[in-house]
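# Coordinate inspection notes
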Number of protein chains: 2
Amino acid sequence: MPEQSSASRRDELLSIAAGLFAEKGFKNTTVRDIADAAGILSGSLYHHFDSKESMVDEILRTFQDELFAAYDEVLASDDDPRTKIERAVRLSFESIDQHPNAVAIFQNEADYLGGFERFGYLAERNAQSRNVWMTLLTDGVETGALRADLDVTLTYRFIRDTVWVAVRWYRPGGGLSHEAIANQYLTILLDGIARDGG
Amino acid sequence: MPEQSSASRRDELLSIAAGLFAEKGFKNTTVRDIADAAGILSGSLYHHFDSKESMVDEILRTFQDELFAAYDEVLASDDDPRTKIERAVRLSFESIDQHPNAVAIFQNEADYLGGFERFGYLAERNAQSRNVWMTLLTDGVETGALRADLDVTLTYRFIRDTVWVAVRWYRPGGGLSHEAIANQYLTILLDGIARDGG
DNA sequence: GTCTATAAGAAGATAGAC
DNA sequence: GTCTATCTTCTTATAGAC
């Protein structure tokens, strides 16, 4: 099965590239870096991919397709608003656990890459994410699960940034599981760090 | 006064470079980009600076010297632990307001640049920041101002990341002052977003 | 699927004139 | 303090052999 073998090699190279892009940044990673890490010469990469750009494009698209499918599942469920928010937070940390490189690349490069036509879908996904969270939070306030005086827009940005920034220090397989981090995060987010009644 | 005029021009160029580094990233900004924005040719930049690297170095050093002087002042004060934490948070948002470009550059590039000997001081400053916050939070727990069961290390990373990430969307002079953001942030952080008693 | 060889352009930096 | 002119190196990408 030549196609399957070819596909595996593609995935392997993509995984190597993702690790380097995440660690050093897209621009700081040369095609020679990727080829070296894969044990081949830089020209050989072009048998598998059109360009360095198309590599990062494929990494980001694959990751985002999966992530937003998961968000859609939460939105479509009939859980109560607070449970939906918790689920959305948990699946985000799970995503950091499963695809740390893709998350890191997205966090570090999306702003810059999004300015190019080829990566316009990054801005669309950003708007889609905003819709998901604004819906969850607005429902939370309307049903009384969240404080009535909550600034929903500010809270959306707060959650978005604070969840995904964990990719900077979280290491899969380390002492702290993504479930434990999600629990701690939800505790801080939903109950605050001030002493009860303090 | 040739020195003063020279110094202003230096600062002007540094400010232009900082804006580009913050917007596009260090590696994505060429010396030609900087020169174009300043209305001169790229070669002329080297009358003022040794290299592109020395420009970002000066930007980051200046910013960090000021920031850590402010932290030291809070630490040395005789405010109670909760007030110190609030002050540290407020001065961080003020720093984002005053030096948004330097903060953005630090957030985006410190991890990568810190790997080079020349930028080793970035790792030192990182450790120093950790010490500041661990001290503030440990004091907070010991005096009963913060929950006794708080994971201090996790909370430190949480505060560090959540405060500085605001540089991604905060715009000085916009509808929201840095003081207002600090207040909202402290409300979420210290009281949580859950309904009282919910 | 990888290698050899190389083209084409971009980027950081320099020397000396003005 | 800036410009002209240019060097060198790095980087992406290509063509064709194996």
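Our structure's up above, just so we're on the same page.
The structure presented is a predicted model; accordingly, all values stated were derived computationally and were not measured. Sequence order as written defines residue numbering, which begins from 1 separately in each chain. Written order decides the labels, with chains lettered from A and ligands numbered from 1. This being a predicted model, a pLDDT of at least 70 is required before a residue's local features are given, and a value of 80 or more before pairs of side-chain atoms are given or counted; all residues contribute to the totals for chains, interfaces and linings. Here the side-chain values reflect all heavy atoms present in the structure, with hydrogen atoms and water set aside.

## Details of the packing of helix H5 (residues 81-98) of chain B against helix H7 (residues 120-142) of chain B
Residue and element names in this part refer to chain B.
- One can describe the packing of H5 onto H7 by two numbers: an axis separation of 8 Å at closest approach and a directional angle of 150°. By the angle class used here, H5 and H7 are roughly antiparallel. Crossing angle aside, the handedness with which H5 passes H7 is left-handed. Residues Pro 81, Lys 84, Ile 85, Ala 88 and Val 89 of H5 form the contact with H7, whose participating residues are Trp 133, Leu 136, Leu 137, Asp 139 and Gly 140.
- Class assignment for the residues of the contact of H5 with H7 results in seven nonpolar, one polar and two charged. Throughout, an axis means a line fitted to C-alpha atoms (over the contacting stretch in the case of helices), and angles, computed between N-to-C directions, take values from 0 to 180 degrees. Segments assigned H or I by DSSP are reported as helices when at least four residues long, segments assigned E as strands when at least two residues long, and all are numbered from the N terminus. Comment on the angle field: the value is read as roughly parallel under 35 degrees, roughly antiparallel over 145, roughly perpendicular from 65 to 115, and oblique elsewhere. Two helices that cross are described as forming a left-handed crossing if the nearer one is turned anticlockwise from the farther one by less than a right angle, and a right-handed crossing if clockwise. Contacts were defined at the residue level, with two residues in contact if any of their heavy atoms lie within 4.5 Å. Ten residues, namely Ala, Val, Leu, Ile, Met, Phe, Trp, Tyr, Cys and Pro, are considered nonpolar, four, namely Asp, Glu, Lys and Arg, are considered charged, and the remaining ones, Gly among them, are considered polar.

## Focus on the pattern of salt bridges
- When a carboxyl oxygen of Asp or Glu lies within 4 Å of a side-chain nitrogen of Lys or Arg, that pair is called a salt bridge. In this structure the tally under the stated criterion is 24 salt bridges over all chains.
- In this structure, Arg 125 of chain B and Asp 65 of chain B form a salt bridge, with 2.7 Å as the shortest nitrogen-oxygen distance. Of the two residues, Arg 125 of chain B is situated in helix H7 and Asp 65 of chain B in helix H4 (residues 52-76); the sequence distance between them amounts to 60 residues.
- The cut-offs for exposure are 20% and 50% of the maximum accessible area for each residue type, with area from a 1.4 Å probe on protein chains only; residues under the lower value are buried, those over the upper are exposed, and the others partly exposed. Here Arg 125 of chain B falls in the buried class, since its relative accessible area comes to 18%.
- Among the residues examined, Asp 65 of chain B registers a relative accessible area of 45% and is labelled partly exposed.
- Where Arg 147 of chain B meets Asp 149 of chain B, a salt bridge forms, and the shortest distance between an N and an O atom there is 2.8 Å.
- Here Arg 147 of chain B falls in the buried class, since its relative accessible area comes to 14%.
- Among the residues examined, Asp 149 of chain B registers a relative accessible area of 55% and is labelled exposed.
- In this structure, a network of salt bridges that share partners links the residues Glu 53, Asp 57, Arg 61 and Arg 118 of chain A.

## Structural notes on the packing of aromatic side chains
- Classification of ring pairs rests on two measures: the distance between centres of Phe, Tyr or Trp rings, Trp counted by its six-membered ring, which must be within 6.5 Å, and the angle between planes, read as stacked under 30 degrees, edge-to-face over 60 and tilted in between. Summed over all chains, the structure comprises 13 aromatic pairs over all chains.
- Judged by centre distance (5.6 Å) and plane angle (55°), the ring pair of Phe 158 of chain A and Tyr 185 of chain B falls under tilted. Separated into two different chains, Phe 158 of chain A in helix H8 (residues 152-164) and Tyr 185 of chain B in helix H9 (residues 178-191) make up a pair that spans both.
- Between Phe 21 of chain B and Phe 26 of chain B, the ring centres sit 5.1 Å apart and the planes meet at 65°, which makes this aromatic pair edge-to-face.
- The buried category is assigned to Phe 21 of chain B, whose relative accessible area is 1%.
- Assessed through its relative accessible area of 10%, Phe 26 of chain B is described here as buried.
- These aromatic residues form a ring-pair network of at least three members: Phe 93, Phe 158 and Tyr 185 of chain A together with Phe 93, Phe 158 and Tyr 185 of chain B.
- Between Lys 52 of chain B and the ring centre of Phe 26 of chain B, over which it is positioned, the NZ or CZ distance is 4.4 Å.
- In this structure, Arg 157 of chain B packs its charged tip against the face of Trp 169 of chain A, placed 3.9 Å from the ring centre. Consider the ring centre and the ring normal. A charge sits over the ring if Lys NZ or Arg CZ is within 6 Å of that centre and within 35 degrees of that normal.

## Some thoughts on the packing of helix H7 (residues 120-142) of chain A against H8 of chain A
Residues and elements named next belong to chain A.
- Contact pair H7 / H8: the axes reach a minimum separation of 9 Å and the direction vectors enclose 120°. By the angle class used here, H7 and H8 are oblique. Between H7 and H8 lies a crossing whose hand is right-handed. Here H7 contributes Asn 126, Ser 129, Arg 130, Trp 133, Met 134, Leu 137, Thr 138 and Val 141 to the contact with H8, which in turn contributes Val 152, Thr 153, Thr 155, Tyr 156, Ile 159 and Arg 160.
- Residue composition of the contact of H7 with H8, grouped by class: seven nonpolar, five polar and two charged.

## As for H7 of chain A
Residues and elements named next belong to chain A.
- A helix is expected to reach a length of 1.5 Å times the quantity of its residues less one. For H7, spanning 23 residues, the distance from its first C-alpha to its last is 33 Å, which sits close to the expected 33 Å at 1.5 Å a residue.
- Among all positions of H7, only Tyr 121, Leu 122, Arg 125, Ser 129, Val 132, Trp 133, Met 134, Leu 136, Leu 137 and Gly 140 are buried.
- Downstream of H7 by one or two residues, Gly 144 has phi in the positive range, about 85°.

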